[in-house]
Amino acid sequence: SRVPQRTLYRYFQSRDELFGAFWRWVNELIKVPPLPTTPDEVVSHIPALFDAFDRDEALVRAMMHDPHGRAVRVANAGARRNKFSKALRPVIETMPEAEAMSLLASVTVLCSATGWESIKDNWRLSGAEAAEAAQWAVKALIKSARKRRG
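Residues numbered from 1 in each chain as written. Predicted model: local features only at pLDDT ≥ 70, side-chain atom pairs only at ≥ 80, totals over all residues. Heavy atoms only, no water.

(A) Spotlight on the environment of Lys143. With respect to the helices and strands, Lys143 occurs in helix α11 (residues 127-149). Placed 52 residues apart in sequence, Lys143 and Val91 show a C-alpha to C-alpha distance of 9.0 Å. (Helix = DSSP H or I, 4+ residues; strand = E, 2+ residues; numbered from the N terminus.)

In structure tokens, the structure reads:
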């Protein structure tokens, strides 16, 4: 938007801080629900999440495919990983580390704009149908992980 870099950095100390603020603004704009805090919330938040993505599909897709949007997403990936790790702690706490990582990676991708877009586009589903598919998969993964754990 032709704002001089020096003006931006008057308000933001670093590029990461700027990207973080932009990410929060986009999430507020499309009304992304808060990240889940329990295994049940991981499953139950998917419809509201996918509904938020559907609300401004063009913006969400632009954020996914534009290099600057990708940079913003990647800059916030650590916080997202931490939130999902905490939410799924009751499921993963006794799992071998590699299995826990596989579960977290799979669930996180299903509960993301990437999962939303892939399910919608590859299976020609609506956002609501994509949310149902993602919920089914996340439930199955959590159920399987709980069974393996004993």
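(B) View of unusual backbone geometry. Within the chain, Arg124 stands out as a residue other than glycine whose phi angle is a positive 50 degrees. With respect to the element layout, Arg124 can be found in the loop between α10 (113-123) and α11.

(C) Quick look at helix α5 (residues 57-65). Within α5, the full set of buried residues consists of Val60, Met63 and Met64. Taken down its axis, α5 places every buried residue within 100 degrees of arc, on the same side. Exposed and oriented more than 90 degrees from the buried face of α5 are Ala58 and His65. (Buried < 20%, exposed > 50% of the residue type's maximum accessible area, 1.4 Å probe, protein only. Arc of directions from axis to C-beta.)

(D) Expanded view of the pattern of salt bridges. Under the defined criterion, the tally for this structure stands at seven salt bridges. Taking the shortest distance from any N to any O, the salt bridge between Asp51 and Arg55 comes out at 3.0 Å. In this pair, Asp51 and Arg55 both sit in helix α4 (residues 46-55), four residues apart, roughly one turn of the helix. In this structure Asp51 comes out as partly exposed when scored by relative accessible area, which is 42%. Residue Glu57 is joined to Lys120 by a salt bridge in which the shortest nitrogen-to-oxygen separation is 3.0 Å. Of this pair, Glu57 sits in helix α5 while Lys120 sits in helix α10, and the two are 63 residues apart along the sequence. Using a relative accessible area of 28% as the deciding quantity, one classes Glu57 as partly exposed. Assessed through its relative accessible area of 11%, Lys120 is described here as buried. One connected set of salt bridges, linked through shared partners, spans Asp54, Glu57, Arg61, Glu117, Lys120 and Asp121. (Salt bridge = Lys/Arg side-chain N within 4 Å of Asp/Glu carboxyl O.)

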